[in-house]
Amino acid sequence: MILEDTIIKLDDNKEYYVLDSLMIDNNNFIMIGEIDSLKDEITKNIKIMHYDFSTNKVRKITDKSLLYQVVESFAKRELERQ
């Protein structure tokens, strides 16, 4: 599982900061923010991705209903934290 506060590099050769991570049905989903190397800060380019354990790769979520479920889960968890 990729945890929060981790920095990862994707296939686009950009670094991303893991803002949040959750497990749903043995699948790891992460919310990542692109790191602006010039300003050394996280940009507003936020993505929700799937971490594939079998290949150790981060991939886009192509199933729209799954993406909705994951976004909803992140939102619910954030509301519970407040």
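Notes on the structure follow. From a predicted model like this one, the values you see are computed outputs, not experimental measurements.

Basis of the calculations
Residues numbered from 1 in each chain as written. Predicted model: local features only at pLDDT ≥ 70, side-chain atom pairs only at ≥ 80, totals over all residues. Heavy atoms only, no water. Salt bridge = Lys/Arg side-chain N within 4 Å of Asp/Glu carboxyl O. Helix = DSSP H or I, 4+ residues; strand = E, 2+ residues; numbered from the N terminus. Buried < 20%, exposed > 50% of the residue type's maximum accessible area, 1.4 Å probe, protein only. Phe/Tyr/Trp six-rings, centres within 6.5 Å; stacked < 30°, edge-to-face > 60°. Patch = residues over 30% accessible without salt bridge, like charges linked within 9 Å, V, L, I, M, F, W, Y side chains within 5 Å. Areas by Shrake-Rupley, 256 points an atom, 1.4 Å probe, with all protein chains shown as cover. Contact = heavy atoms within 4.5 Å.

1. Section: the pattern of salt bridges
Turning to step 1, where the next piece is worked out: Across all of its chains, the model carries five salt bridges by this definition.
Turning to step 2, where the next piece is worked out: With a closest N to O distance of 3.7 Å, Glu-34 and Lys-14 form a salt bridge. In this pair, Glu-34 sits in strand E3 (residues 27-36) while Lys-14 sits in the loop between strand E1 (7-9) and strand E2 (15-24), placing the two residues 20 residues apart along the sequence.
Turning to step 3, where the next piece is worked out: A salt bridge links Arg-81 to Asp-20, with the shortest nitrogen-to-oxygen separation between them at 3.4 Å. Here Arg-81, found in helix H1 (residues 64-81), pairs with Asp-20, found in strand E2; they are 61 residues apart in sequence, far enough to count as distant.
Turning to step 4, where the next piece is worked out: Residue Asp-20 is classed as buried on the basis of its relative accessible area of 5%.
Turning to step 5, where the next piece is worked out: Within the structure, one salt-bridge network assembled from shared partners comprises Glu-4, Asp-20, Arg-77, Glu-78 and Arg-81.

2. Here's the deal with unusual backbone geometry
Turning to step 1, where the next piece is worked out: Positive phi values are uncommon outside glycine, yet Asp-5 reaches one of about 65°.
Turning to step 2, where the next piece is worked out: Mapped onto the secondary structure, Asp-5 falls in the segment before E1.

3. Things to note about the packing of aromatic side chains
Turning to step 1, where the next piece is worked out: Evaluation of the coordinates by the stated rule reveals one aromatic pair.
Turning to step 2, where the next piece is worked out: Arranged with centres 5.3 Å apart and planes meeting at 85°, the rings of Tyr-51 and Phe-53 form a pair that is edge-to-face.
Turning to step 3, where the next piece is worked out: Tyr-51 gets classed as buried once you look at its relative accessible area, which sits at 12%.
Turning to step 4, where the next piece is worked out: We classify Phe-53 as partly exposed; its relative accessible area is 37%.

4. Let's talk about a nonpolar patch on the surface
Turning to step 1, where the next piece is worked out: A surface patch of nonpolar side chains, about 390 Å² in accessible area, is lined by Met-1, Leu-3, Met-23 and Phe-53.
Turning to step 2, where the next piece is worked out: Locating Leu-3 in the fold gives a position in the segment before E1.

5. Some thoughts on the side chain of Ser-21
Turning to step 1, where the next piece is worked out: Within the secondary structure layout, Ser-21 lies in strand E2.
Turning to step 2, where the next piece is worked out: The class for Ser-21 is buried, based on a relative accessible area of 5%.
Turning to step 3, where the next piece is worked out: Leave out the neighbours within four places in its chain, and Ser-21 touches Met-1, Ile-2, Leu-3, Glu-4, Asn-28, Phe-29, Ile-30, Phe-74 and Arg-77.

6. Brief notes about the environment of Phe-29
Turning to step 1, where the next piece is worked out: Turning to its location among the elements, Phe-29 is positioned in strand E3.
Turning to step 2, where the next piece is worked out: Residue classification places Phe-29 among the buried residues on the basis of a relative accessible area of 2%.
Turning to step 3, where the next piece is worked out: Considering only alpha carbons, one finds Phe-29 and Ile-48, 19 residues apart in sequence, at a separation of 7.0 Å.
Turning to step 4, where the next piece is worked out: The contact partners of Phe-29, leaving out residues within four places of it in the chain, are Asp-20, Ser-21, Leu-22, Ile-24, Met-49, His-50, Ile-61, Leu-66, Val-70 and Phe-74.

Read these as geometric descriptors, not functional statements.
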